[in-house]
Amino acid sequence: MFGLEKPAGQQEPGRSGGLPKMASVGDFNVLSSSIPATKVELSVSCRNLLDRDTFSKSDPICVLYTQAIGNKEWREFGRTEVIDNTLNPDFVRKFIMDYFFEERENLRFDFYDVDSKSPNLSKHDFLGQMFCTLGEIVGSQGSRLEKSIVGIPGKKCGTVIVTAEELGCCRDSVLMQFCANKLDKKDFFGKSDPFLVFHRSNEDGSFTICHKTEVVKNTLNPVWQAFKISVRALCNGDYDRTIKVEVYDWDRDGSHDFIGEFTTSYRELSRGQSQFNVYEVINPKKKGKKKKYVNSGTVTLLSFLIETEVSFLDYIKGGTQINFTVAIDFTASNGNPLQPTSLHYMNPYQLNAYGMALRAVGEIIQDYDSDKMFPALGFGARLPPDGRVSHEFALNGNPQNPYCHGIDGVMEAYYRSLKSVQLYGPTNFAPVINHVARYAASVKDGSQYFVLLIITDGVISDMAQTKESIVNASKFPMSIIIVGVGPAEFDAMEELDGDVVRISSRGRFAERDIVQFVPFRDYIDRSGNHVLSMARLAKDVLAEIPEQFLSYMRVRGIKPSPAPPPYTPPIHVLQTQI
């Protein structure tokens, strides 16, 4: 999504100088300085572009823009090459972007017919544009999005096909096992207690620790247990980067004795067990002092096995659908919706806290749901005409079909409900959790995953039943997001979020952590920039979903379905670079 910060003095697109050569340099974003979930490569093709040249066909180029979260400003991310004389270009140069499930990344693809060497886009003919989100591309079947190009009134501008491919180098893990022979004896009364410490080298020559083995007690010829480490952690995907391995003798007081060290690389290790992977352990101090010093023992690689980790995107690409359900707290503790102090206040000029939370989370999730139809439920209200209290009623008033079209449809149904129901109580979560769990229990083959968003003021009445529901639901393909609005103490909600202590009910523990709780008040931006604060809210709320999703698939042994065959465009020649 965001690449490197623009170096000082780099020319802006559209100024004098050559066209930018890189299609993968964007702008650094403060919100996204976390480790990216993965990198994706975007390939762009067009069909039936407008023909702007009199004597030949257009010479198209694609320019990608990303949108800053705060001020909504569009910034150029990169450009493809120019392809001469075609209305059906398949651009070779790709856009490589960081992909975060939990962030909404708006993209704009602009197309131009290049008429000269000028890098200034205003000097070329505009052929139209396409707007989408990165999630929309990834969430499309086979991660292939086909959309009409728009932007020139009254003209058919053709279509664009954007395909996302997850970059593989970061996804491998390796399973390695080492042993050592004739290590130096460091303990006075016994042999050494050796362990290994692995470091990857950084660009600046420093080293970062990335793995420690267990200690093998009282031996100079240890065999350590096999361990698994991601290639990213070991060498950041750079196969020739130096890996330094230190050998220590463990001491109870923490002052472990240095036995020696050696260096290797991923490429060397990947040769597996061979004479190349027997390393002399060298202690530089000893080597400097003793003329006859040979080494302080040897370390041998016993096995090296590469495993490709399956990712969240593999399942999405294979067709797994994310089903999104909303449940809204209509209890009286929220306050009268006609009063400005109410959390449900129907302000004609801006969204209330419920509306903001709903839109922030829903707009991201909806990209992964092909039909964009969401069940929207309410709980804790008295319903017309007879005033019965319900803990799972359809916001659209249709219990047989509680589905709303898109987040806009959910918002509309929410406002309509506020006008027709009476806020009441108590605050029972269990019915809506059980409602979604019933659906999730019926589809356990990995083709669907359910996300329930509960927005509440946090005063819960059925804690024991809710815990029981969550423990039961942890066996099914579902996650629960709770957003707490208002000033209440949310201790009960923190307890449901099993990050610190795994939730249990009547002695049974949840099979996995499926609840994520965030208090809405932590995201109210004092400066009034709601766009930025809602982006942060969505980021924190959704960050755990891919891992929760994968934990279900792993426990059940469900592998991703194969993706549909990739789109192979017809071959065109005549490429030129400007």
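This text follows the structure it describes.
Conventions we followed
- Residues numbered from 1 in each chain as written.
- Predicted model: local features only at pLDDT ≥ 70, side-chain atom pairs only at ≥ 80, totals over all residues.
- Heavy atoms only, no water.
- Phe/Tyr/Trp six-rings, centres within 6.5 Å; stacked < 30°, edge-to-face > 60°.
- Helix = DSSP H or I, 4+ residues; strand = E, 2+ residues; numbered from the N terminus.
- Buried < 20%, exposed > 50% of the residue type's maximum accessible area, 1.4 Å probe, protein only.
- Lys NZ or Arg CZ within 6 Å of the ring centre and 35° of its normal.
- Axes fitted to C-alpha atoms, helices over the stretch in contact; angles between N-to-C directions.
- Parallel < 35°, antiparallel > 145°, perpendicular 65-115°, else oblique.
- Left-handed = near helix turned anticlockwise from the far one by under 90°.
- Contact = heavy atoms within 4.5 Å.
- Core = buried A, V, L, I, M, F, W, Y, C linked by side-chain atoms within 4.5 Å.
- Nonpolar A, V, L, I, M, F, W, Y, C, P; charged D, E, K, R; others polar.
- Expected span 1.5 Å × (residues − 1).
- Pairing = 2+ DSSP bridges.

Undergrad: Hey, could you run me through the packing of aromatic side chains in this one?
TA: Aromatic ring pairs are described here by two measures, namely the spacing of the ring centres and the angle between the planes. Scanning the model with the defined rule gives 24 aromatic pairs in all. Judged by centre distance (5.7 Å) and plane angle (75 degrees), the rings of Phe379 and Phe429 are edge-to-face. Here the residue Phe379 occupies a position in strand β19 (residues 373–379), and Phe429 occupies one in the loop between β24 (422–423) and α8 (430–441), the gap between them amounting to 50 residues. A relative accessible area of 0% places Phe379 in the buried class. For Phe429, a relative accessible area of 0% translates into the label buried. Taken together, Phe101, Phe312, Tyr315, Tyr368, Tyr449 and Phe549 form an aromatic cluster joined through their ring pairs. When the ring centre of Phe207 is taken as origin, the NZ or CZ atom of Lys244, which lies over that ring, is 4.4 Å away.

Undergrad: Looking at this structure, I do not really get the packing of α8 against helix α9 (residues 463–473). What am I missing?
TA: For any two helices packed against each other, one specifies the inter-axial angle together with the distance between the axes. Relative to each other, α8 and α9 sit at 15 degrees, their axes nearing to 9 Å. On the basis of their axis angle, the class for α8 and α9 is roughly parallel. Helix-helix and strand crossings are classified by hand; for α8 and α9 the assignment is left-handed. For the pair formed by α8 and α9, the contact residues are Ala430, Ile433, Asn434 and Ala437 on the first element and Gln465, Thr466, Ser469, Ile470 and Ala473 on the second.

Undergrad: Just to check I follow, could you spell out the nonpolar core for this structure?
TA: What tends to happen in soluble globular proteins is that the nonpolar side chains get buried as a cluster. Counting residues in hydrophobic clusters, the biggest one holds 88 residues, and the most contacted among them are Leu42, Phe109, Phe111, Ile137, Phe330 and Val483. With nine residues, the top contributor of residues to this core is helix α6 (residues 353–365). Beyond its immediate stretch of four places on either side in the chain, Phe109 contacts Leu42, Val44, Cys62, Val63, Leu64, Phe95, Gly128, Gln129, Met130, Cys132, Ile137 and Val162.

Undergrad: What's the story with the packing of α6 against helix α11 (residues 530–542) in this structure? I'm lost.
TA: At a minimum axis distance of 9 Å, the contact between α6 and α11 shows a crossing angle of 60 degrees. One element, α6, and the other, α11, form an angle in the oblique class. α11 is crossed by α6, and the crossing has right-handed handedness. Contacts between α6 and α11 pair Met356, Ala357, Ala360, Val361, Ile364 and Ile365 from the former with His530, Met534, Leu537, Ala538, Val541 and Leu542 from the latter. By residue class, the composition of the contact of α6 with α11 is eleven nonpolar, one polar and no charged.

Undergrad: Hey, could you run me through helix α7 (residues 406–420) in this one?
TA: What sets the pattern is the α-helix's 3.6 residues per turn: residues three or four places apart point alike. When the terminal C-alpha atoms of α7 are compared, their 22 Å separation across 15 residues agrees well with the 21 Å that a helix rising 1.5 Å per residue should span. Next to the buried residues of α7 lie β18 (321–329), α6, β19, β22 (393–394) and β23 (403–405).

Undergrad: What exactly am I supposed to notice about the sheet that holds β24 here?
TA: Where strands meet in a sheet, backbone hydrogen bonds hold them as pairs that are either parallel or antiparallel. Across the sheet, three strands lie side by side as β21-β20-β24; this open sheet has antiparallel pairing. Each edge of the open sheet carries a strand with a single partner, namely β21 (388–390) and β24. The pairing of strand β20 (residues 381–383) with β21 spans three bridges and is antiparallel. For Leu383, the partnering residue across the bridge sits in β21 and is Arg388.

Scope: geometric values only; no functional claims are made or implied.
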